[in-house]
Amino acid sequence: MSILRLGGSMDSLASLSEEQQIAYLKTLAYLSKIDGVIDDAEQEFLKDMAILHGVSSERLQEILAGAEANEVIAGVKKINNRRASLELIKDMCVLAHSDDELSDEEVLLIGRIGQAMNVSLDKIEQISKWVIDRIIWLEEAKIIFEEV
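Residues numbered from 1 in each chain as written. Predicted model: local features only at pLDDT ≥ 70, side-chain atom pairs only at ≥ 80, totals over all residues. Heavy atoms only, no water.

Enquirer: Any chance you could explain unusual backbone geometry here in plain terms?
Expert: Only a minority of non-glycine residues have a phi that is not negative, and only a minority of peptide bonds are not trans. A positive phi is found at D100, a non-glycine position, where the angle reads about 60 degrees. Tracing the sequence through the fold places D100 in the loop between α6 (82-97) and α7 (104-116). (Helix = DSSP H or I, 4+ residues; strand = E, 2+ residues; numbered from the N terminus.)

Have a look at this one:
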């Protein structure tokens, strides 16, 4: 699933400092491995995000290896751009759904990250619902336009 097909604003991400962008990627990296397995869809998503942020694949591997819960939560607190915070929640929801298995650990982490960035649980739920609706819509498009 291409992240570019889910909408959103790259402008808000480009305005983040390098430290904030690394925190953004570390959060996604940590989420991808929280269930113990990083599958192909999650790896592709992370690679796409790294490319968008201008991060090399070697640096992405370092980020994947080094992401820890307390560090991730401390890092996102430095993201003071509201739109970027909302985009991170969206990207976390996309990533969590990319393997078609939403674990309790993933849901809990998304909530903790959102709260660390002052995003209400209601807003997180709204974003999650939008992501799910969008994924369903894209899957229906494949059927309608005979892409499967």
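Resuming the write-up.
Enquirer: What's the story with the confidence of the model for the chain in this structure? I'm lost.
Expert: Low pLDDT means the predicted coordinates in that region are not meant to be read closely. When pLDDT is averaged along the chain, the result is 88; 93% of the residues meet or exceed 70. Mean pLDDT across the secondary structure elements of the chain bottoms out at helix α1 (residues 10-14), with 74, and peaks at α7, with 96. Below pLDDT 50 for its whole length, residues 1-5 participates in 11 contacts with residues either more than four positions away or in separate chains. (pLDDT = per-residue confidence, 0-100. Contact = heavy atoms within 4.5 Å.)

Enquirer: What am I meant to see in the environment of E19 here?
Expert: The topology assignment puts E19 in helix α2 (residues 18-33). Along the backbone, E19 and V76 are 57 residues apart, and their C-alpha atoms lie at a distance of 9.8 Å. Within the structure, E19 has its side chain in polar contact with the side chain of K78 (distance 2.9 Å). (Polar contact = N/O pair within 3.5 Å; in protein donor to acceptor, adjacent residues only side chain to side chain.)

Enquirer: When you look at the environment of H53 in this model, what are you seeing that I'm missing?
Expert: Along the chain, H53 turns up in the loop between α3 (40-52) and α4 (57-66). Put simply, H53 and T27 are 26 residues apart on the chain and 14 Å apart in space, counted from C-alpha to C-alpha. Contacts of H53, omitting those with residues within four sequence positions, involve L13, Q21, Y24 and L25.

Enquirer: Quick question: what am I supposed to make of the pattern of salt bridges here?
Expert: It is possible for side chains bearing opposite charge to pair when their charged atoms get close. One pass over the structure, following the stated rule, counts 8 salt bridges. Residues joined in a network through salt bridges with shared partners are R83, E87, K90 and D91. (Salt bridge = Lys/Arg side-chain N within 4 Å of Asp/Glu carboxyl O.)

Enquirer: Looking at this structure, how should I read the side chain of T27?
Expert: Of note, T27 is situated in helix α2. Of the residues examined, T27 reaches a relative accessible area of 0% and is grouped as buried. Apart from the residues within four sequence positions on either side, T27 is in contact with V72, V76, L88, M92 and I113. (Buried < 20%, exposed > 50% of the residue type's maximum accessible area, 1.4 Å probe, protein only.)

Enquirer: Mind showing me how you'd approach the nonpolar core here?
Expert: Among the nonpolar cores identified, the biggest contains 42 residues, and L28, L88, I89, M92 and I113 are the most heavily contacted of them. Broken down by secondary-structure element, the contributors of at least two residues to this core are α2, α3, α4, α5 (69-76), α6, α7 and α8 (121-144). Tallying contributions element by element places α6 first for this core, with 9 residues. Apart from residues lying up to four places away in sequence, M92 is in contact with T27, L28, L31, L109, I110 and I113. (Core = buried A, V, L, I, M, F, W, Y, C linked by side-chain atoms within 4.5 Å.)

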